[in-house]
Amino acid sequence: MDRCSGILMHISSLPSPYGIGTLGRAAYDFADFLHAAGQKYWQLLPLGPTSYGDSPYQSFSTFAGNPYFIDLDLLVQDGLLDQTVLEAVNWGTEPRYVDYGKIYDSRFLVLRESFRRGFDRDREALEAFQEKNPWLPNYALFMAVKKHFGMTGWLDWPDQDIRLRKPQAVKKYGELLREDVDFFTYLQFLFFKQWTALREYIHSLGIQIIGDLPIYVAMDSADVWAEPEFFQLGEGHLPTEVSGVPPDYFSADGQLWGNPLYNYARMEKDGFGWWIRRIEGAGRLFDIIRIDHFRGLESYWAVPYGAKTAKGGCWRKGPGMKLVGTLTGWFPDLKIIAEDLGFLTPEVHKLLADSKLPGMKVLEFAFDAREPSNYLPHTYERNCVCYVGTHDNETVMQWREQADRSDISMARKYLGLNDAEGFNWGMIRGGMSSTADTFVVQMQDCLGLGAEGRMNTPGKADGNWQWRLLPGEATPSLAKKLREYVRIYGR
């Protein structure tokens, strides 16, 4: 990767009058802001449809796009909605935060009207879209059946035949729920139509998109329901063990994620075809893929199904270079970032070195006054990505208030932080000036926000993924300031 910099901000965080960020005007405006600021990357979180808890890391599909991000104003322009319909909906009154309850209650009612108007009109283009996306029939049927059963998880569907995907049940529900299957198919057509146009515009500005790929998929997903053979499932397709991480910096109990674990032995039999299809799908969305929890490919924390915390888990060996080498060999032109944070062993370091993929450095982890840290900028090799903090960390101003005083003192000494420049800007300077080929900063840290700007607190069940940029905050003066840092440090 070239010596460049970028900004991390999810689509949901864009301003809009309809409760959540979308692929519309505000996204194009933010791309213009990045261009004016001299940035070459826009980093996003996963774009899939979210489930309970609203986390983009727990999606109903690893291939599908989030219908919440379909821009409603663009649908009006396309003749698929009337403006009066949008004005009659209560989208929430707090522009700083997403109210997912209101979005869930209203979004699909509005999108249903677009489906009624557009499905027959767009039938020819829709058929072409379906041919290019072989995952779509399973996803659309999965969502239609979920809706039919009150949005319960597929393990709790009362009809065992469709839960276990018996052919006669698939045919039965496909016919019974044909309108809903068509509806969820059409939503994906709309999402990708808008996404493709936005991506082309972003590229026209010389900007590339970094996107996250969660290492695991959700248990309640079309991915597991449609292809259970690729996961560690037992009788009735219940998982035998589930994902998580041991006690760490974020949580004394560890983190119990609950995703099903992969049946790597089965995956290897066809040359990791499932992963190849998954990476190919991500490559349609992003130019650079950040594989979340990369260390889990070397060895992963397996927790007995039904456990209340992740404490009682154990390490199990992952596929390592057999999988990583397959993916880098299959996609030689696709750039990949390895999220190598967490408990790292010599084996994980070797996997990263053998893969030749850039790892991550987080400045908020660098300044432990008690012991040397390989997150300090003078220790970096070029082939890495430096962050002030990620979506899982405190904003830098929140970190300044909550971190150990000796750590903050070390940061001040190391980076020469001062009030005239501003604490957040001194940290940004520290990353910009590092030898890392790539530097990424959260938009919240460019704005100098505190705890009110935090995107996610790992281990906290609710109140996450809500932060939004306010209209007018991405100012020309802010872009000019960022561009000057880019100029000074050759990014």
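One can find the structure itself at the top, above this paragraph.
Residues numbered from 1 in each chain as written. Predicted model: local features only at pLDDT ≥ 70, side-chain atom pairs only at ≥ 80, totals over all residues. Heavy atoms only, no water.

> Looking at this structure, I do not really get the sheet that holds strand β4 (residues 241–245). What am I missing?
Adjacent strands of a sheet pair through backbone hydrogen bonds, lying either parallel or antiparallel. With antiparallel pairing, the 4 strands of this open sheet are ordered in space as β5-β4-β7-β8. Unpaired on one side and paired on the other, β5 (255–260) and β8 (314–317) mark the two borders of the sheet. When strand polarity is set aside, the average angle formed by the axes of neighbouring strands in this sheet is 50 degrees. The sheet contact formed by β4 and strand β7 (residues 299–304) spans 4 bridges and is antiparallel. Of the residues in β7, the one forming a bridge with E241 is P304. (Pairing = 2+ DSSP bridges. Helix = DSSP H or I, 4+ residues; strand = E, 2+ residues; numbered from the N terminus. Axes fitted to C-alpha atoms, helices over the stretch in contact; angles between N-to-C directions.)

> What is the right way to look at the side chain of R278 in this model?
Relative to the helices and strands, R278 is located in helix α12 (residues 273–285). Put simply, R278 is tucked away with no salt bridge, and the nearest opposite charge, on D223, sits 6.6 Å away. Look past the residues within four positions of R278 in its chain and what remains in contact with it is T62, F63, L213, P214, I215, Y216, V217 and Y262. (Buried < 20%, exposed > 50% of the residue type's maximum accessible area, 1.4 Å probe, protein only. Lys, Arg positive; Asp, Glu negative; His and termini not counted. Salt bridge = Lys/Arg side-chain N within 4 Å of Asp/Glu carboxyl O. Contact = heavy atoms within 4.5 Å.)

> So what exactly am I meant to see when it comes to the sheet that holds strand β3 (residues 208–213) here?
In space, the 8 strands of this open sheet follow the order β9-β6-β3-β2-β1-β12-β11-β10, with parallel pairing throughout. In this open sheet, the two strands that pair with only one neighbour each are β9 (335–338) and β10 (359–362). Direction aside, neighbouring strands of the sheet carry axes that sit 25 degrees apart on average. Pairing geometry for β3 and strand β6 (residues 288–291), over 4 bridges, is parallel. If you follow D212 over to β6, its bridge partner there is R290. Set on the sheet, helix α1 (residues 25–36) makes contact with β1 (4–8) and β2 (41–44); between it and β2 the angle comes to about 135 degrees.

> I would appreciate a short explanation of empty space enclosed by the protein in the present structure.
Gaps between atoms show up when a probe of the same size as a water molecule is rolled over them. In this structure the tally under the stated criterion is 4 cavities of 30 Å³ or more. Taken as a whole, the largest cavity encloses approximately 180 Å³ of empty space. Secondary structure elements with two or more residues in the lining of the largest cavity: β3 and α12. A per-element tally of the lining of the largest cavity places α12 first, with 3 residues. Partitioning the lining of the largest cavity into residue classes produces 13 nonpolar, 5 polar and 3 charged. The space that makes up the second largest cavity amounts to roughly 70 Å³. Around the second largest cavity, the lining comprises 13 residues; the ones closest to its centre are H10, T50, D54, F69 and Y100. Along the lines of polarity and charge, the residues of the lining of the second largest cavity split into 7 nonpolar, 5 polar and 1 charged. (1 Å grid on protein atoms, 1.4 Å probe; cavity = no way out; pocket = protein on both sides within 12 Å on 5 of 7 lines; lining within 4 Å. Points joined across faces, edges and corners; volume = space filled by probe spheres on them. Nonpolar A, V, L, I, M, F, W, Y, C, P; charged D, E, K, R; others polar.)

Shape descriptors only; they carry no functional weight alone.
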